Structures are given as C-alpha cells and as structure tokens.
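One letter stands for each residue in the lines below.
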Amino acid sequence: LARYHKVGKHTPGNAGLFSSGRDLARYCLMIQNGGRWEGRQIIDPAVLQWSFTRKTEEGMGDARGFAWDVWESKPYV
C-alpha cells in the first residue's frame, strides 16, 4: 500500500509496484500494444483507456488517472 502523507490535495500512489526492469519493460510493451501480450489479450483496451483518463477534479492539482499521472499536454520539452 502507498504511504499516506495526510495531505488532502495530494496523496502519492507510490510504493505499490515493484518489478524487475525486464518485467516492467514487458508490462509497458503490453500497454503500448493495447493490452495484448504474445498474442493474448491480457487487459481489455477499454480498461486501459479508462485508466489513462483523468479521475481527479479540475483545480485539484495533478491530473491523475487510475494509477497514472495524466498529461493533457507534454510536460517536458
């Protein structure tokens, strides 16, 4: 579980995913491939779309989806 910092506007969702670099790369490739890995559908594309859609209210600070920061424009140039 993520450690709760007792701040109303921002509770980080870190400390919840641990992996090897190799497995993390596979996971990211599966996401890029619409939830498919080695010919099998692992995550429904609609679930992926939902998870990358903003869930936090406007003006609440960082835009967050389900387990992800959501950038509506490129944050870094």
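First, a word on what this report is: a plain description of the structure on this page. Everything quoted here is computed from the prediction, not taken from an experiment. (Residues numbered from 1 in each chain as written. Predicted model: local features only at pLDDT ≥ 70, side-chain atom pairs only at ≥ 80, totals over all residues. Heavy atoms only, no water.)

### Concerning the overall build of the chain
Then step 1. Scanning the chain from N- to C-terminus turns up 2 helices and 2 strands.
Then step 2. Beginning at the N terminus, the succession of helices and strands in the chain can be written as α-β-β-α.
Then step 3. Split into buried and exposed, the 77 residues of the chain put 14% on the buried side.
Then step 4. Contacts in the chain between residues far apart in sequence, at least 24 positions, make up 10% of those at least 6 positions apart.
Then step 5. A total accessible area of about 6,700 Å² is found for the chain, and carbon and sulfur atoms account for 57% of it. (Helix = DSSP H or I, 4+ residues; strand = E, 2+ residues; numbered from the N terminus. Buried < 20%, exposed > 50% of the residue type's maximum accessible area, 1.4 Å probe, protein only. Contact = heavy atoms within 4.5 Å. Areas by Shrake-Rupley, 256 points an atom, 1.4 Å probe, with all protein chains shown as cover.)

### A short note on the side chain of T56
Then step 1. With respect to the helices and strands, the residue T56 is situated in the segment after α2 (45-51).
Then step 2. A polar atom in the side chain of T56 sits 3.2 Å from the backbone nitrogen of R64.
Then step 3. In contact with T56, not counting residues within four places along its chain, are D62, A63 and R64. (Polar contact = N/O pair within 3.5 Å; in protein donor to acceptor, adjacent residues only side chain to side chain.)

### Description of the packing of aromatic side chains
Then step 1. Scanning the model with the defined rule gives 1 aromatic pair in all.
Then step 2. Aromatic side chains W50 and F66 sit 5.2 Å apart centroid to centroid with 40 degrees between the ring planes, which places their arrangement in the tilted category. Of this pair, W50 sits in helix α2 while F66 sits in the segment after α2, and the two are 16 residues apart along the sequence.
Then step 3. The exposure class assigned to W50 is partly exposed, which follows from its relative accessible area of 46%. (Phe/Tyr/Trp six-rings, centres within 6.5 Å; stacked < 30°, edge-to-face > 60°.)

### Considering helix α1 (residues 21-32)
Then step 1. Here α1 contains 12 residues, and its C-alpha end-to-end distance of 16 Å stays within 8% of the 16 Å for a straight helix at 1.5 Å per residue.
Then step 2. After α1 finishes, the residue G34 shows a positive phi value of roughly 70 degrees. (Expected span 1.5 Å × (residues − 1).)

### What to know about unusual backbone geometry
Then step 1. Although it is not a glycine, E38 sits at a positive phi angle of roughly 50 degrees.
Then step 2. On the secondary structure map, E38 appears in the loop between β1 (36-37) and β2 (40-41).
Then step 3. With relative accessibility at 69%, the residue E38 sits in the exposed group.

### Here's the deal with the pattern of salt bridges
Then step 1. Considering all chains together, one arrives at 2 salt bridges under this definition.
Then step 2. D23 is the partner of R26 in a salt bridge, and the nearest nitrogen-oxygen pair spans 3.5 Å. In this pair, R26 and D23 both sit in helix α1, 3 residues apart, roughly one turn of the helix.
Then step 3. Linking E58 and R54 is a salt bridge whose minimum nitrogen-to-oxygen distance equals 3.7 Å. (Salt bridge = Lys/Arg side-chain N within 4 Å of Asp/Glu carboxyl O.)

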